[in-house]
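Below, each chain spelled out in residue letters.
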Amino acid sequence: MADSRAVALNHTAGLSTPQQVFMSLLSLFCLMDTFDAYKKAAQDLVTRRYNNLYEALGIPQPVDPNAAHYYTEIDIRQVSAAPLGASDHSDRRGNF
């Protein structure tokens, strides 16, 4: 039975065989998809989810033409101020 240190060291030794096989399959799939149909579908899905997130939060999206829309930073103060308006936002500043 390995303790936590031994388990952590096993992950630094490199990629395991299943991970190598999976990465090879992904690489082959990418080479076979010459029209980038899967890539475009995945990008559209991520962008749609990103847009839905900001629409649901009620705050404007950050302007970044190079954004991948895979992750984002959300200002909680901006989210909390959105439904109440700017007038009530000043009362909550001391709580953050």
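None of these values were measured; they are calculated from a predicted model.

> Give me the lowdown on the layout of surface pockets, citing residues and values where you can.
Looking at the largest pocket, its volume works out to about 170 Å³. As for the largest pocket, its lining consists of Leu 26, Phe 29, Cys 30, Asp 33, Asp 36, Tyr 38, Lys 39 and Ala 42. Sorting the residues of the lining of the largest pocket by element identifies α2 (17–32) and α3 (37–57) as the ones contributing at least two each. Grouping the amino acids of the lining of the largest pocket by side-chain chemistry returns five nonpolar, no polar and three charged.

> Describe the packing of aromatic side chains, with residues and values.
Applying the stated rule across the entire model yields two aromatic pairs. Relative to Tyr 38, the ring of Phe 29 lies with its centre 5.4 Å away and its plane at 90°, an arrangement referred to as edge-to-face.

Reading the values: the criteria
Residues numbered from 1 in each chain as written. Predicted model: local features only at pLDDT ≥ 70, side-chain atom pairs only at ≥ 80, totals over all residues. Heavy atoms only, no water. 1 Å grid on protein atoms, 1.4 Å probe; cavity = no way out; pocket = protein on both sides within 12 Å on 5 of 7 lines; lining within 4 Å. Points joined across faces, edges and corners; volume = space filled by probe spheres on them. Helix = DSSP H or I, 4+ residues; strand = E, 2+ residues; numbered from the N terminus. Nonpolar A, V, L, I, M, F, W, Y, C, P; charged D, E, K, R; others polar. Phe/Tyr/Trp six-rings, centres within 6.5 Å; stacked < 30°, edge-to-face > 60°.

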